[in-house]
Amino acid sequence: MASKLLPRLARSLHSETVGTNLHKTPSRIKPEAVPVPLYGGRHLVTLLPGSGIGPEMTSHVRDVFAAAQVPVDFEVINGSGEELVRNAITSVRRNRVALKGNLRNVIDDAGFIAPNVLIRARLDLFVYVIHYRTYEEVHSKVPGLNLIILRQNTEGEYAMLEHESVKGVVESMKIVTRDNTQRFARFAFEHARKHGRRKVTAVHKSKQLELSDGMFLETIKEAAASYPDIQFEDIYIDRCCQKLVKKPHQFDVLLMPNLYGTIVSNVVCGLAGGAGLFSGINYGEDLAIFESATRHTGDTLRGRNIANPVAMLNASVNMLRHLGKTSHAQLISDAIHHTLSTAKIHTFDVGGAHSTTEVIAAIKTYIGDNLHKYKSQF
């Protein structure tokens with residue numbers, strides 16, 4: 001049964017949203033954001049602890065939130081397979097914001113389940129944003145990097161349209177639609193303008209994939225014409241990877257289809273200090289899920305007290321900013337920077353010898369010592 005490449009769950013979830021909505025008549029960005037609900041002055045947020053080190057990292061986030069007196073409560077969704085995906089979708093739709101650990105792919109009697117992909121597709125989280133900014137006093141291949149990557153999150157090779165046509169022959173469809181690319185492009189240029197960025201680079205392979213990547217590039221170019229204040233260029237994916245390794249500071253904002261985004265994000269993570277530092281945001285029209293930038297479960301680090309908690313903490317900081325809790329976000333962000341750059345308390349993945357709990361203890365100490373400076377703004 002595991003050889004079935006498009007399982008029952010994927011087919012049922014895909015047919016409702018991806019097959020009939022996303023790739024044919026994708027919904028448009030709403031003119032006004034829907035406010036996130038408050039209950040007694042507190043936000044209720046979906047928490048997906050995930051697999052591997054996810055439960056440990058999200059537990060540390062909750063400890064830090066308690067220390068910083070963050071007015072957020074979590075609706076925790078555990079489980080696996082179909083039940084997890086359905087419960088997660090219901091919860092995120094209700095709360096509209098989630099903090100998420102990476103979910104392990106499952107092979108069971110229904111076939112192969114990729115819950116991370118299914119949740120993004122079913123909730124129409126059409127764009128993924130990662131901001132890479134290196135930390136002082138944390139070793140990296142390229143100090144001073146400040147780069148934003150936006151990837152289209154629901155189409156391309158991750159459209160979940162593949163099957164075994166005859167035994168030993170697998171066909172996989174790469175989906176690119178003009179409407180979805182248009183809204184992705186609008187989001188990307190608006191994001192660049194909002195954050196004061198001056199150059200946007202589209203990454204593609206249009207010479208070899210003339211129809212799919214060709215339409216992607218053409219649509220991005222059309223959108224770029226509406227933003228004359230932002231310099232636009234395009235580059236082939238292979239050339240982009242080469243330039244990232246040699247001279248990454250030449251890029252400002254990169255936008256690209258789904259699979260290329262996965263590859264490039266991991267390359268940049270390696271250049272900027274490692275996967276344990278950076279977070280990403282999945283955006284839909286009025287939904288957002290916050291998680292670590294690279295999508296690995298970290299099974300080999302589980303239970304060893306050596307995993308870097310900063311990526312998940314940064315995801316929580318982004319979440320607080322999204323919720324409008326900017327002072328709480330700034331307090332935790334300042335605590336992270338102080339721990340890494342001033343106190344120089346680093347886990348082994350960034351060249352240090354400190355444990356996970358030592359990093360968290362240092363962050364909580366900074367929060368305790370400085371909470372009074374921020375409380376008047378809460």
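Residues numbered from 1 in each chain as written. Predicted model: local features only at pLDDT ≥ 70, side-chain atom pairs only at ≥ 80, totals over all residues. Heavy atoms only, no water.

Digging into the overall build of the protein
Along the backbone of the protein there are 11 helices and 15 strands. Taken over 378 residues, the protein has a buried fraction of 54%. By sequence separation, contacts in the protein at least 24 residues apart represent 77% of the contacts at least 6 residues apart. Taken as a whole, the protein presents about 16,400 Å² of accessible surface, with 52% of it coming from carbon and sulfur. (Helix = DSSP H or I, 4+ residues; strand = E, 2+ residues; numbered from the N terminus. Buried < 20%, exposed > 50% of the residue type's maximum accessible area, 1.4 Å probe, protein only. Contact = heavy atoms within 4.5 Å. Areas by Shrake-Rupley, 256 points an atom, 1.4 Å probe, with all protein chains shown as cover.)

Details of empty space enclosed by the protein
The final tally for this structure, using the stated rule, is 1 cavity of 30 Å³ or more. In this structure, the largest cavity encloses a volume near 50 Å³. Gln152, Glu155, Gly156, Ile175, Val176, Thr181, Phe216, Pro257 and Asn258 together form the lining of the largest cavity. Residue composition of the lining of the largest cavity, by class: 4 nonpolar, 4 polar and 1 charged. (1 Å grid on protein atoms, 1.4 Å probe; cavity = no way out; pocket = protein on both sides within 12 Å on 5 of 7 lines; lining within 4 Å. Points joined across faces, edges and corners; volume = space filled by probe spheres on them. Nonpolar A, V, L, I, M, F, W, Y, C, P; charged D, E, K, R; others polar.)

Focus: helix 6 (residues 212-224)
For helix 6, spanning 13 residues, the distance from its first C-alpha to its last is 19 Å, which sits close to the expected 18 Å at 1.5 Å a residue. What helix 6 keeps buried is the set Ser212, Asp213, Gly214, Phe216, Leu217, Thr219, Ile220, Ala223 and Ala224. Buried-residue contacts for helix 6 involve helix 5 (178-194), strand 11 (199-204), strand 12 (231-236), strand 13 (253-256) and helix 8 (258-272). (Expected span 1.5 Å × (residues − 1).)

Some remarks on the confidence of the model for the protein
Residue-level pLDDT values for the protein average 89, and 88% of them are 70 or greater. Note that residues 1-22 has pLDDT below 50 and, in this model, 57 contacts with residues that lie over four places away or in other chains. Confidence drops under pLDDT 50 across residues 27-32; counting only partners more than four residues distant or on other chains, this segment forms 13 contacts. (pLDDT = per-residue confidence, 0-100.)

Quick look at the packing of aromatic side chains
If you walk through the whole model with that rule in mind, you get 7 aromatic pairs. Ring plane angle 50 degrees and centroid distance 6.2 Å describe the contact between Phe189 and Phe232, whose orientation is recorded as tilted. On the criterion of sequence distance, the pair formed by Phe189 in helix 5 and Phe232 in strand 12 is long-range, its members being 43 residues apart. Aromatic ring contacts, followed pair by pair, group Phe126, Phe187 and Tyr283 into a single cluster. Directly above the ring of Phe126 sits Arg183, whose terminal nitrogen or CZ lies 4.2 Å from the centroid. Positioned above the aromatic ring of Tyr236, the side-chain terminus of Lys205 is 5.4 Å from the ring centre. (Phe/Tyr/Trp six-rings, centres within 6.5 Å; stacked < 30°, edge-to-face > 60°. Lys NZ or Arg CZ within 6 Å of the ring centre and 35° of its normal.)

Some remarks on the packing of helix 7 (residues 237-246) against helix 8
Their axes nearest at 10 Å, the elements helix 7 and helix 8 cross at an angle of 10 degrees. In terms of axis orientation, helix 7 runs roughly parallel to helix 8. Contacts from Ile237, Cys241, Leu244 and Val245 in helix 7 reach Tyr260, Val264, Val267, Val268 and Leu271 in helix 8. Looking at side-chain class alone, the contact of helix 7 with helix 8 contains 9 nonpolar, no polar and no charged residues. (Axes fitted to C-alpha atoms, helices over the stretch in contact; angles between N-to-C directions. Parallel < 35°, antiparallel > 145°, perpendicular 65-115°, else oblique.)

Points about the environment of Ala307
With respect to the element layout, Ala307 can be found in the loop between strand 15 (288-292) and helix 9 (310-322). Note on Ala307: relative accessible area 3%, which makes it buried. Separated by 31 residues in sequence, Ala307 and Gly276 place their C-alpha atoms 7.5 Å apart. With near-sequence residues (within four places) excluded, Ala307 lies in contact with Ile53, Met57, Leu301, Thr347 and Thr356.

Brief notes about helix 10 (residues 326-342)
Helix length check: helix 10 (17 residues) gives 22 Å between terminal C-alpha atoms against 24 Å at 1.5 Å per residue, within 8%. If you check which residues of helix 10 are buried, you get Ser327, His328, Ala329, Leu331, Ile332, Ser333, Ala335, Ile336, Thr339, Leu340 and Ser341. Against helix 2 (54-67), helix 9 and helix 11 (356-375) lie the buried residues of helix 10. Directly after helix 10, the chain includes Lys344, whose backbone phi takes a positive value near 55 degrees.

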